[in-house]
Amino acid sequence: MIAATPTPPYYAVIFTNELTSQTEGYEAMAQRMAELALTQKGCLGYESVRNGLGITISYWESLDDIRNWKANAEHIIAQEKGRDIWYKYYKTRICKVETDYGYEQNP
């Protein structure tokens, strides 16, 4: 599902990763992090896909909101497990969204 975001500016955190063969517990943790992120101040929504390569984009009101999410205690545990067990590699990019537009086909 495409996240409903407000009129820019806002911020996007793009998290790209590839998993190791040790994925036990990963799906549950990923789901928990998605649910938890949505409860955080400033979280506007997210989009996520996995087809070998995983890409999750979360949208935020401010850079402070992103820093607070990165420092969330439960999120820190997930980050550590990701580095220690689940990810072959990952990359995080933070961008300011200045323009967005789209199309929606009429039903």
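What counts, and where the lines are drawn
- Residues numbered from 1 in each chain as written.
- Predicted model: local features only at pLDDT ≥ 70, side-chain atom pairs only at ≥ 80, totals over all residues.
- Heavy atoms only, no water.
- Axes fitted to C-alpha atoms, helices over the stretch in contact; angles between N-to-C directions.
- Helix = DSSP H or I, 4+ residues; strand = E, 2+ residues; numbered from the N terminus.
- Parallel < 35°, antiparallel > 145°, perpendicular 65-115°, else oblique.
- Left-handed = near helix turned anticlockwise from the far one by under 90°.
- Contact = heavy atoms within 4.5 Å.
- Nonpolar A, V, L, I, M, F, W, Y, C, P; charged D, E, K, R; others polar.
- Phe/Tyr/Trp six-rings, centres within 6.5 Å; stacked < 30°, edge-to-face > 60°.
- Buried < 20%, exposed > 50% of the residue type's maximum accessible area, 1.4 Å probe, protein only.
- Pairing = 2+ DSSP bridges.
- 1 Å grid on protein atoms, 1.4 Å probe; cavity = no way out; pocket = protein on both sides within 12 Å on 5 of 7 lines; lining within 4 Å.
- Points joined across faces, edges and corners; volume = space filled by probe spheres on them.
- Disulfide = S-S within 2.5 Å.
- Core = buried A, V, L, I, M, F, W, Y, C linked by side-chain atoms within 4.5 Å.

**Observations concerning the packing of helix α1 (residues 26-37) against helix α3 (residues 73-86)**
- Contact geometry for α1 and α3: axes closest at 11 Å, N-to-C directions at 150°. Considered as vectors, α1 and α3 are oriented roughly antiparallel to each other. Where α1 crosses over α3, the two elements pack in a sense that is left-handed. Between α1 and α3, the contacting residues are Tyr26, Met29, Arg32, Met33 and Leu36 on the first element and Glu74, His75, Ala78, Lys81 and Trp86 on the second.
- Its residues assigned to classes, the contact of α1 with α3 shows 6 nonpolar, 1 polar and 3 charged.

**Thoughts on the packing of aromatic side chains**
- Evaluated as defined, the whole model comprises 7 aromatic pairs.
- Look at tryptophan 60 and tryptophan 69: their rings are 6.2 Å apart centre to centre, the planes differ by 25°, and that puts the pair in the stacked class. This pair shows no difference in class: tryptophan 60 is buried, exactly as tryptophan 69 is.

**Observations regarding the sheet that holds strand β3 (residues 53-60)**
- As summarised here, the arrangement of the 4 strands in space is β2-β3-β1-β4, forming an open sheet in which the pairing is antiparallel. Every other strand in the sheet has two partners, leaving β2 (43-51) and β4 (87-97) as the edge strands with one partner each. Taken over all neighbouring pairs, the strand axes of this sheet differ in orientation by 15° on average, direction set aside.

**A short note on the layout of surface pockets**
- In this structure, the largest pocket spans a volume of roughly 910 Å³.
- Around the largest pocket, the lining is made up of 31 residues, and of these Phe15, Met33, Thr56, His75 and Tyr87 lie nearest the centre.
- Contributions of two or more residues to the lining of the largest pocket are made by β1 (10-19), α1, β2, β3, α2 (63-70), α3 and β4.
- In terms of residues, the lining of the largest pocket owes the most to one element, α1, which gives 8 residues.
- A class-by-class count of the residues in the lining of the largest pocket yields 18 nonpolar, 9 polar and 4 charged.
- If you go around the second largest pocket, you meet 13 residues; those closest to its centre are Ile2, Ala3, Thr5, Tyr101 and Gly102.
- In terms of residue class, the lining of the second largest pocket is made up of 8 nonpolar, 2 polar and 3 charged.

**Remarks on the state of the cysteines**
- All chains considered together, the criterion is met by 0 disulfides.
- As a non-bridged cysteine, cysteine 43 has cysteine 95 as the owner of its nearest cysteine sulfur, 16 Å distant.
- A residue is classified by how much of its surface remains accessible, and cysteine 95, at 33% relative accessible area, is partly exposed.

**Things to note about the nonpolar core**
- Met33, Trp60 and Trp69 are the most contacted members of the largest nonpolar core, which has 15 residues in total.
- For this core, the secondary structure elements donating two or more residues are β1, α1, α2 and α3.
- No other element matches the 5 residues that α1 contributes to this core.
- In contact with tryptophan 60, other than residues within four places in its own chain, are Tyr10, Tyr11, Val13, Ala37, Gln40, Lys41, Gly42, Cys43, Leu44, Asp65, Ile66 and Trp69.

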